[in-house]
Amino acid sequence: MSLLSTACNLTRRTAARHGLSPKEKHRLSDIFTLVREFQTSAPACGQKPTFKTILNDPLVHIPPRISVSQADLFCDPTEKLQKLLQTPLFDENERPYRPLVDEMKLAQTVFTSERPRDIRRVESTIRIEKAPIYNLPEVAFLGRSNVGKSSMISCLFHKAPFVKVPVSSTPGFTKTLKFYQVKDYFTLVDMPGYGFNQPHYFRDCVENFLRHRQNLRLAFVMVDAAEGLVKRDLSILEYLEECQLPYCIMLNKIDLVKDSQRLEVVGQVRTIRDKFGSPNCYPQPFLIR
Ligand SMILES: Nc1nc2c(ncn2[C@@H]2O[C@H](COP(=O)(O)OP(=O)(O)O)[C@@H](O)[C@H]2O)c(=O)[nH]1
Ligand SMILES: [Mg+2]
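Residues numbered from 1 in each chain as written. Chains lettered and ligands numbered in written order. Predicted model: local features only at pLDDT ≥ 70, side-chain atom pairs only at ≥ 80, totals over all residues. Heavy atoms only, no water.

> Outline the overall build of the protein, listing residues and values.
Scanning the protein from N- to C-terminus turns up ten helices and seven strands. Looking at the protein residue by residue over its 289 residues, the buried ones come to 56%. Summarising the internal contacts of the protein: among those between residues at least 6 apart in sequence, 78% fall at separations of at least 24. When the accessible area of the protein is evaluated, it comes to approximately 13,600 Å², of which 52% is carbon and sulfur surface. (Helix = DSSP H or I, 4+ residues; strand = E, 2+ residues; numbered from the N terminus. Buried < 20%, exposed > 50% of the residue type's maximum accessible area, 1.4 Å probe, protein only. Contact = heavy atoms within 4.5 Å. Areas by Shrake-Rupley, 256 points an atom, 1.4 Å probe, with all protein chains shown as cover.)

Put into structure tokens, the structure is as follows:
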């Protein structure tokens, strides 16, 4: 497994130019790199790869920064934030994620349904024993109730009309582990949220899954940018560290906050990341709206 990256924001202007649909224009997942690396990610000797081993692996292709002519195709909100600061938000050796245009296009095709049920929900359960048995890597979406996990997955499946991802403004709406298989590439797992209206079986269901599920390779931890990292987010990050599961932090609902708040929460994530000093945490948070 190598550079894990996803969830890049496109500018509205660029989206219109490239004929993307309204839903799509805000979020485009570049899963290509992820897919490619997952395909070669059989853990050796039962050891899960970490981001440190991934980034230092000379065989791993890391996309170079995109050239100026392509720059408007990928709008990383952290770049806008950087302009407000004199010190760098991320160190150069942290290699901020910059997808290539071709990779973004390829990512779209991964999530575009080509025939009925090639992208589909394969299971919905609270019991790990009932999780699907297959040889596919899994990526889990974690976070507080109502932070936007299901909405994110729903957006990713915008070009897969056969898949319905239930979304609601009621906190605690997702009650089960929901497995969405994306062709023969990987499976996304939508999870019940923690915090308000958290199901009583959360520990048995979610924590058990995070610790024991062999197919699970990565967790995206979604944080509400308006709230920042709260105590429960920190507990879950500590838990992921304990399980040694690689994770990326996504800051969602950035449309609801000003740049100053965005900066504050990015800083918060950096502080936590540095505190853990962990090879499991992807260095860069992804800002989503
Ligand atoms: N403003 C804003 N609202 C969002 C965003 N993502 C999700 N929501 C809303 O947040 C609510 C909860 O979303 P949901 O995906 O069900 O959250 P989950 O409990 O984490 O799965 C819904 O009303 C969504 O429309 C976002 O990026 N910005
Ligand atoms: Mg949900």
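> Before we move on, could you go through the sheet that holds strand β1 (residues 119–125) and cite the residues and values that matter?
As summarised here, the arrangement of the seven strands in space is β1-β3-β4-β2-β5-β6-β7, forming an open sheet in which the pairing is mixed. At either end of the open sheet lies a strand with only one pairing partner, and these are β1 and β7 (286–287). Strand direction decides the pairing type here: strand β2 (residues 138–143) and strand β4 (residues 186–190), joined by four bridges, are parallel. Residue pairing for β4: E138 is matched across the bridge by T187. Of the strands in this sheet, β2, β3 (177–182), β4 and β5 (216–224) touch helix α8 (residues 202–212), which is tilted by about 45 degrees from β3. (Pairing = 2+ DSSP bridges. Axes fitted to C-alpha atoms, helices over the stretch in contact; angles between N-to-C directions.)

> Could you give me a rundown of the packing of aromatic side chains, with the residues and numbers involved?
Tallying each qualifying case throughout the model produces eight aromatic pairs. Between the aromatic rings of Y282 and F286, the centroid separation amounts to 5.7 Å while the plane-to-plane angle is 10 degrees, which identifies the pairing as stacked. With respect to burial, Y282 and F286 carry one shared label: buried. Chaining the aromatic ring pairs together yields one cluster made of F111, F157, Y180, Y185 and F186. (Phe/Tyr/Trp six-rings, centres within 6.5 Å; stacked < 30°, edge-to-face > 60°.)

> Summarise the side chain of D224; cite the residues concerned and give the values.
Residue placement: D224 occurs in strand β5. The side chain of D224 sits in the buried core without any salt bridge; K253 is the nearest counter-charge, 4.3 Å away. A polar contact of 2.8 Å, which involves the side chain of D224, links it to the backbone nitrogen of A226. Each residue touching D224, except ones within four places of it in the same chain, is listed here: V147, N252 and K253. (Lys, Arg positive; Asp, Glu negative; His and termini not counted. Salt bridge = Lys/Arg side-chain N within 4 Å of Asp/Glu carboxyl O. Polar contact = N/O pair within 3.5 Å; in protein donor to acceptor, adjacent residues only side chain to side chain.)

> Account for the environment of D118, with residues named and values stated.
Looking at the secondary structure, you find D118 in the loop between α6 (101–110) and β1. Given a relative accessible area of 3%, D118 falls into the buried group. Distance in space between the C-alpha atoms of D118 and K183 is 5.0 Å, their sequence separation being 65 residues. Polar side-chain contacts of D118 include one of 2.8 Å to the backbone nitrogen of E114.

> An account of the packing of α8 against helix α9 (residues 231–243) is requested, with residue identities and associated values reported.
Orientation of α8 relative to α9, taken along the N-to-C sense of each, is 40 degrees, at an axis distance of 9 Å. One way to sum up the angle between α8 and α9 is to call them oblique. Of α9, the residues touching α8 (which contributes F202, E207, N208, L210 and R211) are R232, I236, Y239, L240, E242 and C243. When its residues are assigned to classes, the contact of α8 with α9 shows six nonpolar, one polar and four charged. (Parallel < 35°, antiparallel > 145°, perpendicular 65-115°, else oblique. Nonpolar A, V, L, I, M, F, W, Y, C, P; charged D, E, K, R; others polar.)

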